[in-house]
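As a plain string of letters, each chain reads:
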Amino acid sequence: IMTHPNADFDAVASLLGAWYLYPEAVPILPNTLNRNVRDFVTLYESKFPFMRMKELTRQQVNQLTLVDTQHLPRFKNLQAEAKIHIIDHHDPQHPLPQGAKLTFTETGATVTLLVERIRELPRQLSPVEATLMLLGIYEDTGAMTYGSTTSRDLQAAAWLLSEGKANLDMVREYLNYPMSEPQKKLYEALIDSLETET
């Protein structure tokens, strides 16, 4: 199970969600993650089934699930005749990879569709797993304020809070990410050199 580089919370949460549906598969973290996602994963990585690309053995891949993207990643292990399943909430791109099956959802976040399916499983999410999925929904919907947000996103978020015991304090901590010191210095320099012209 793979996603796009520079992965945001929806992408990484969707890796986890797809793994719940296909537990025999291996969810692979991309080499690059957004900064807030990287900090979250660094702290909680042992709680998830993720592998790094460099840990992927030379074993040939004959089935690939892509989440939150429709673009095939470049890696040598993928067999030419591999089955490809794409799960995404972005408008379908054409052409899709040859022979790919697309599961498209008109929701604010890809992980919403996966949460809807996970709800039917007997296995329960841990609170940190539910929190990661809630981060995915909140980030991609602008905390439920973007026009692309649907009632399905709200229902999935409500289920993650009630049944999954997702932690809203953690969501707030990782979504309201403070500026780094270099960013603060740049911001202050911009303010100091501000000129108003009529």
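Here we summarise the structure given alongside this text. Note on numbering: residues in each chain are counted from 1, in written sequence order. Totals for whole chains, interfaces and linings use all residues, but because this is a predicted model, local features are given only for residues with pLDDT of at least 70 and pairs of side-chain atoms are given and counted only at 80 or more. The side-chain quantities take in all heavy atoms of the structure and omit both hydrogens and water.

1. Things to note about the packing of helix α2 (residues 35-44) against helix α6 (residues 168-175)
Here is step 1 of the chain: All axes here are fitted lines through C-alpha atoms, helices being fitted over the stretch that makes contact, and every angle between N-to-C directions spans 0 to 180 degrees. Under the scheme used here, helices are H or I runs from DSSP no shorter than 4 residues and strands are E runs no shorter than 2 residues, and both carry numbers assigned from the N terminus. Contact geometry for α2 and α6: axes closest at 9 Å, N-to-C directions at 135°. Classified by the angle between their axes, α2 and α6 sit oblique to one another. Packed against α2, whose contacting residues are Asn-36, Asp-39, Phe-40, Leu-43 and Tyr-44, the element α6 presents Met-170, Tyr-174 and Leu-175 at the interface.
Here is step 2 of the chain: Residue type decides the class: Asp, Glu, Lys and Arg count as charged, Ala, Val, Leu, Ile, Met, Phe, Trp, Tyr, Cys and Pro as nonpolar, and the leftover types, Gly among them, as polar. The residue makeup of the contact of α2 with α6, split by class, is six nonpolar, one polar and one charged. Should an angle lie under 35 degrees it is considered roughly parallel, over 145 roughly antiparallel, and from 65 to 115 roughly perpendicular; all remaining angles are considered oblique. Residues count as neighbours in contact if any of their non-hydrogen atoms are within 4.5 Å of one another.

2. Regarding the pattern of salt bridges
Here is step 1 of the chain: Salt bridge, as used here: a side-chain nitrogen of Lys or Arg that lies within 4 Å of a carboxyl oxygen of Asp or Glu. Using the criterion set out here, one finds four salt bridges in the structure.
Here is step 2 of the chain: With a closest N to O distance of 2.7 Å, Arg-172 and Asp-169 form a salt bridge. Taken together, the residues Arg-172 and Asp-169, both in helix α6 and three residues apart, mark about one turn of the helix.
Here is step 3 of the chain: Judged by its relative accessible area of 48%, Arg-172 falls in the partly exposed class.
Here is step 4 of the chain: The residue Glu-181 makes a salt bridge to Lys-184 at a minimum N-O spacing of 3.6 Å. Separated by three residues within a single helix, Glu-181 and Lys-184 lie in helix α7 (residues 181-192), roughly one turn from each other.
Here is step 5 of the chain: The partly exposed category is assigned to Lys-184, whose relative accessible area is 32%. Here's how the labels work: a residue is buried when its accessible area is under 20% of the maximum for its type, exposed when over 50%, partly exposed in between, all with a 1.4 Å probe on protein chains only.

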